[in-house]
Amino acid sequence: MLKISKINKRLEKEKIVILLDAWSSFESLYYLLRESIPKDYGYIQYVYPDETLCSDPLKTKKQFLYLVNTIIKDLEKLNNKKPRSFYMYGQSLGGLFCIIVSDKIKIEKVMLIVPGYNLAEAFWLGESTQKLKNEMIKNFQTTLPELKKCWKQISPDHYFKNKSYDTEFNMILSKNDKVIPIANGKKLIKLLKEENIKNHVSWTHLSHRLEVLKEGIFTEHFKKWISSFK
């Protein structure tokens, strides 16, 4: 089964921040983010292995759902002990898990760094996943329409139906994103506006990877987001 690591602290607190890192990232990048979380908040960081996203479409789907369901069960367990307020922060692929979870369990606010809208499109067109895509085509004879159908259950655009209508989304998108093509991110903004879901968008000209790195080192945006919690 997929090996998921958890870094957590102060889970007895009523406000909990959930951190989900980017694909092919490294846990230590989030040290400054964790350290900047106020002492009256608890936190959980979920660290998943790179092979969570792989060239086998069905295996990827199974592993994604396992991670999502693990997060949901953890949060429900905390809520059963006493009511909590949850806040989710996700970078790149980590944002996908935030979006799905926020439609399954009440999340007050979500912050997404260089997120996407349709997983299959981002995977098929993004520059970082071309090797996996070619392996998928060779070994599983998959086409993009088939992949969209297979991954519907783990793609953000399949959600925004239930609890996420009451969630506030804050996003930073890059105009020079080639990992998750910017057209994909713009579709997410369009959906949120069409559904009248509260959202705030900031733009950067940094590349996808540099934006992820910058947000992990310079925590001003993260701190400002946390200061907005009621």
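Residues numbered from 1 in each chain as written. Predicted model: local features only at pLDDT ≥ 70, side-chain atom pairs only at ≥ 80, totals over all residues. Heavy atoms only, no water.

Draft legend 1. Focus on helix 5 (residues 130–140). All of the buried residues along helix 5 are Leu132, Lys133 and Met136. The buried residues of helix 5 occupy an angular sector of 100° when projected down its axis, which confines them to one face. For helix 5, exposure combined with an orientation more than 90 degrees from the buried face picks out Lys131 and Lys138. Gln141 sits one or two residues past helix 5 and shows a positive phi near 50°. (Buried < 20%, exposed > 50% of the residue type's maximum accessible area, 1.4 Å probe, protein only. Helix = DSSP H or I, 4+ residues; strand = E, 2+ residues; numbered from the N terminus. Arc of directions from axis to C-beta.)

Draft legend 2. Just the packing of aromatic side chains, in detail. According to the stated counting rule, one finds ten aromatic pairs in the structure shown. The interplanar angle of 10° and the centroid separation of 3.7 Å between the aromatic rings of Tyr87 and Phe229 together place this pair among those described as stacked. Within this pair, whereas Tyr87 is found in strand 4 (residues 85–91), its partner Phe229 is found in the segment after helix 9 (220–227), the two being separated by 142 residues in sequence. A centroid spacing of 6.1 Å and a plane angle of 45° characterise the contact between Tyr89 and Trp225, whose relative ring orientation is tilted. Taken together, the positions of Tyr89 in strand 4 and Trp225 in helix 9 put the pair 136 residues apart, joining distant regions of the chain. Here Tyr89 and Trp225 have matching classes, each one buried. (Phe/Tyr/Trp six-rings, centres within 6.5 Å; stacked < 30°, edge-to-face > 60°.)

Draft legend 3. Examining the sheet that holds strand 2 (residues 15–20) more closely. Strand order in the open sheet made by the seven strands is 1-3-2-4-5-6-7, with mixed pairing throughout. Pairing within the sheet leaves two strands with one partner each, and these edge strands are strand 1 (5–9) and strand 7 (199–204). The average undirected angle you get between the axes of adjacent strands in this sheet is 15°. One ladder, built from five bridges, connects strand 5 (residues 109–113) with strand 6 (residues 168–174); its direction is parallel. Each bridged residue has a counterpart across the sheet, and for Ile113 the counterpart in strand 6 is Ile172. Helix 3 (residues 93–104) rests against strand 2, strand 4, strand 5 and strand 6 of the sheet, and its axis sits at about 150° to strand 4. (Pairing = 2+ DSSP bridges. Axes fitted to C-alpha atoms, helices over the stretch in contact; angles between N-to-C directions. Contact = heavy atoms within 4.5 Å.)

Draft legend 4. Region of interest: the layout of surface pockets. Put simply, the largest pocket is a space of about 480 Å³. Around the largest pocket, the lining is made up of 29 residues, and of these Trp23, Ser92, Leu93, Val179 and His208 lie nearest the centre. At the level of secondary structure, the elements contributing two or more residues to the lining of the largest pocket comprise helix 3, helix 4 (119–125) and helix 8 (208–217). Here the lining of the largest pocket is built from residues that sort into 18 nonpolar, ten polar and one charged. One number sums up the size of the second largest pocket: a volume of about 250 Å³. Lining of the second largest pocket is provided by 13 residues; of these, Met111, Asn170, Ser202, His221 and Lys224 occupy positions nearest its centre. (1 Å grid on protein atoms, 1.4 Å probe; cavity = no way out; pocket = protein on both sides within 12 Å on 5 of 7 lines; lining within 4 Å. Points joined across faces, edges and corners; volume = space filled by probe spheres on them. Nonpolar A, V, L, I, M, F, W, Y, C, P; charged D, E, K, R; others polar.)

Draft legend 5. Layout of the packing of helix 2 (residues 57–81) against helix 3. Put simply, helix 2 and helix 3 touch, their axes get as near as 10 Å, and they point 50° apart. The angle between the axes of helix 2 and helix 3 places the two elements in the oblique class. As helix 2 packs across helix 3, the resulting crossing turns out to be right-handed. Across the interface between the two elements, Phe64, Leu67, Val68, Ile71, Ile72 and Leu75 from helix 2 touch Leu93, Leu96, Phe97, Ile100, Val101 and Lys104 from helix 3. Among the residues forming the contact of helix 2 with helix 3, the class breakdown is eleven nonpolar, no polar and one charged. (Parallel < 35°, antiparallel > 145°, perpendicular 65-115°, else oblique. Left-handed = near helix turned anticlockwise from the far one by under 90°.)

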